[in-house]
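# Commentary on secondary and tertiary structure
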Amino acid sequence: MRHSLFLLLLVLPALAGAGPGTEFGGHTKVWLVATGYPESSAFRDAAGGGTADLAADLRLNLIIDRGRWTFDSAWQLIGQQGEGLRI
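Model, not experiment: these values are computed from the prediction.

Criteria and thresholds
- Residues numbered from 1 in each chain as written.
- Predicted model: local features only at pLDDT ≥ 70, side-chain atom pairs only at ≥ 80, totals over all residues.
- Heavy atoms only, no water.
- Helix = DSSP H or I, 4+ residues; strand = E, 2+ residues; numbered from the N terminus.
- Buried < 20%, exposed > 50% of the residue type's maximum accessible area, 1.4 Å probe, protein only.
- Contact = heavy atoms within 4.5 Å.
- Pairing = 2+ DSSP bridges.
- Axes fitted to C-alpha atoms, helices over the stretch in contact; angles between N-to-C directions.
- Patch = residues over 30% accessible without salt bridge, like charges linked within 9 Å, V, L, I, M, F, W, Y side chains within 5 Å.
- Areas by Shrake-Rupley, 256 points an atom, 1.4 Å probe, with all protein chains shown as cover.
- Salt bridge = Lys/Arg side-chain N within 4 Å of Asp/Glu carboxyl O.

The helix and strand inventory of the protein chain stands at two helices and three strands. Overall, the protein chain shows an N-to-C arrangement of helices and strands of α-β-α-β-β. Within the span of the protein chain, comprising 87 residues, buried residues form 16% of the whole. Residue pairs in contact within the protein chain that sit at least 24 positions apart in sequence constitute 54% of those at least 6 positions apart.

Now the structure itself:
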């Protein structure tokens, strides 16, 4: 199922045609957050000297305007990875 959705995201703009009335766009964001804890921090015992988190965001927009009908869609894919704490 996941492969089918991914293929649809890739093929749909090609099926729509890149003619007048078709817009396809989007953007990607990637960020890394690093946190350090001083020796006097209560979090240092649980998390260690520091932690690192990584995230990525992909947003795609497709608009097809063919006179009598309009197709407008937006997709968002988010991936996050962070350090965990054992409790």
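Having seen it, we continue.
We now examine the side chain of Ser73. In this fold, Ser73 is placed in strand E3 (residues 70–82). Those residues in contact with Ser73 that sit more than four places away from it in its chain are Leu60, Asn61 and Leu62.

A word on the environment of Ala34. As for its position among the elements, Ala34 is in strand E1 (residues 22–36). Counting along the chain gives 16 residues from Ala34 to Gly50, while the straight-line C-alpha distance between them is 7.2 Å. Non-local contacts of Ala34, meaning those with residues more than four positions away in its chain, are made with Thr51 and Ala52.

This paragraph deals with the sheet that holds E3. Pairing is antiparallel in the open sheet, where three strands are placed in the order E1-E2-E3. For this open sheet the edge positions go to E1 and E3, each flanked by a neighbour on one side alone. Neighbouring strand axes in the sheet, compared pairwise and without regard to direction, differ in orientation by 10° on average. For E1 and strand E2 (residues 50–65), the ladder comprises 15 bridges, and the chain directions are antiparallel. Note that in E2 the partner of Gly36 across the bridge is Gly50.

Quick look at a nonpolar patch on the surface now. On the surface, a nonpolar cluster with roughly 320 Å² of combined accessible area is contributed by Val30, Leu32 and Leu54. Topologically, Leu54 is positioned in strand E2. Among the residues examined, Leu54 registers a relative accessible area of 43% and is labelled partly exposed.

All right, on to the side chain of Thr51 then. Note on placement: Thr51 falls in strand E2. Note on Thr51: relative accessible area 15%, which makes it buried.

The next subject is the pairing of E2. In this sheet, E3 lies alongside E2 in antiparallel orientation, the contact comprising 13 bridges. If you follow Leu60 over to E3, its bridge partner there is Trp75. In textbook terms, the turn of a hairpin is the stretch between consecutive antiparallel strands, and for E2 and E3 this stretch comprises four residues, one of which, Gly67, has a positive phi near 80°.

Any functional reading would require information beyond the geometric quantities listed.
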